[in-house]
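# Report on the structure
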Amino acid sequence: MSAEQKDHLSRAERERERYNEGLDDRYRDFLMNSMYHFENFRIETGSSVIKSFDKPRVLEFGSYAWHKYVERGGCDVGELICINISEAEMEKGRQFAETSRVKPDFRLMDAHKLEFEDDSFDVVFGAAILHHLDMPLALSEIRRVLKPGGRMFFIEPMDMNPVGRLVRSLTPSARTEDERPFRMHDLALLQESFDCRFEFTEFLTVPVGAAATALGVPGDSRFLGAVFRIDRAIAQVPGLRTWCRNVLVTGRPKPGAA
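Bear in mind the structure is a predicted one, so any value in this text is a computation, not a measurement.

## Thoughts on the overall build of the protein
Looking only at helices and strands, the protein features 11 helices and seven strands. Computed over its C-alpha atoms, the radius of gyration of the protein comes to 18 Å, within 12% of the 18 Å expected for a compact globule of 258 residues. In the protein, buried positions account for 53% of the 258 residues. Partitioning the contacts of the protein with sequence separation of at least 6, the portion at a separation of at least 24 is 78%. For the protein, the computed accessible surface area is about 12,500 Å², with 53% contributed by carbon and sulfur atoms. One finds the centroid of the 36 positive side-chain charges in the protein at a distance of 5 Å from the centroid of its 41 negative side-chain charges.

Written as structure tokens, this is what we have:
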């Protein structure tokens, strides 16, 4: 086994152990109120990718984001397979499935080495997953298992937003050793292999939304709706958009890319 292969195995094992131990991500519950409008935007965008196919075969990197993008998004899938390196994370997905109309096939698997044939899926997606992985290897596997004409979408954190950086520094127990929020070179890697569209979100939402939540302002308020619209305008400005907290990536494999 090569040194690179050993490193990938060690990385996967560290992630598995850390998630099985459990992350303290309770701070996200506080932020969810302020993310109401952005959540709806993401669900609409992600589910539209799945709905562009008739009863697609879908692969999730993760085990419970499907509950938003497939279940709440109203998607009719032919098959949904969810992979995760962590038994504890997979159990969360199974709990969602107990009361869901959607019944995914859950499989314990390393995203760096997918146990599927080439051209197996119409859609591959995930939420906050790619930044935990070896990007070149993970993107190569995504390209390999996507059918010709297949599509992917991922929602990932960006590393440029100062408030996002502050939140990460204050919540180390919610992180794993190997995760790295996206920077510009990660977006460039995506563009090498995929015809991508980047939707940047949450420039003001975190600080303003958190303050509004503390004051009891509901997430679906007109005020936070206005903040959402301002953020969407900011996300169109080239010099500012990469300072947003998250990016939603949709794309198709480029013909002939490695």
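## Topic: helix α7 (residues 162–170)
Turning to α7, its buried residues are G164, V167 and R168. One face of α7 carries all of its buried residues, which in axial projection span an arc of 100°. Turned more than 90 degrees off the buried face of α7, the exposed positions are P162, S169 and L170. Where α7 begins, the capping side chain belongs to N161, and its oxygen is found 2.8 Å from the backbone nitrogen of G164.

## As for the confidence of the model for the protein
This prediction gives the protein a mean pLDDT of 89; 93% of its residues lie at or above 70. Here helix α2 (residues 27–32) is the element of the protein with the lowest mean pLDDT, 68, and strand β1 (residues 57–61) is the one with the highest, 98.

## Structural notes on the side chain of T176
Looking at where T176 falls in the secondary structure, it is placed in the loop between α7 and α8 (184–193). Separated by 3.3 Å, the side chains of T176 and H132 make a polar contact. If we skip the residues at most four places from it in the chain, T176 touches E15, R18, Y19, L23 and H132.

## Structural notes on the side chain of H37
Examined against the element boundaries, H37 turns out to sit in helix α3 (residues 36–51). Within the structure, H37 has its side chain in polar contact with the backbone oxygen of G219 (distance 3.4 Å). Ignoring anything within four residues of it in the chain, the contact list for H37 reads G219, D220, S221, L224, G225 and F228.

## Quick notes on the sheet that holds β1
Read from one edge to the other, the open sheet built from seven strands follows the order β3-β2-β1-β4-β5-β7-β6, with strand pairing classed as mixed. The sheet is open, and its two borders are formed by β3 (105–108) and β6 (194–201), each paired with just one other strand. Mean inter-strand twist for the sheet, computed between neighbouring axes without regard to direction, equals 15°. Direction of pairing for strand β4 (residues 121–127) relative to strand β5 (residues 146–157): parallel, over a ladder of six bridges.

## With respect to unusual backbone geometry
Not every positive phi belongs to a glycine, and K55 is a case in point at roughly 50°. Structurally, the position occupied by K55 is in the loop between α3 and β1. Given the relative accessible area of 48%, K55 is considered partly exposed. Residues other than glycine seldom take positive phi values, yet A128 does so here, at roughly 55°. Among the secondary structure elements, A128 is positioned in the loop between β4 and α6 (135–145).

Scoring rules and cut-offs
- Residues numbered from 1 in each chain as written.
- Predicted model: local features only at pLDDT ≥ 70, side-chain atom pairs only at ≥ 80, totals over all residues.
- Heavy atoms only, no water.
- Helix = DSSP H or I, 4+ residues; strand = E, 2+ residues; numbered from the N terminus.
- Rg over C-alpha atoms; globule rule 2.2 N^0.38 Å.
- Buried < 20%, exposed > 50% of the residue type's maximum accessible area, 1.4 Å probe, protein only.
- Contact = heavy atoms within 4.5 Å.
- Areas by Shrake-Rupley, 256 points an atom, 1.4 Å probe, with all protein chains shown as cover.
- Lys, Arg positive; Asp, Glu negative; His and termini not counted.
- Charge placed at Lys NZ, Arg CZ, Asp CG, Glu CD.
- Arc of directions from axis to C-beta.
- Polar contact = N/O pair within 3.5 Å; in protein donor to acceptor, adjacent residues only side chain to side chain.
- pLDDT = per-residue confidence, 0-100.
- Pairing = 2+ DSSP bridges.
- Axes fitted to C-alpha atoms, helices over the stretch in contact; angles between N-to-C directions.

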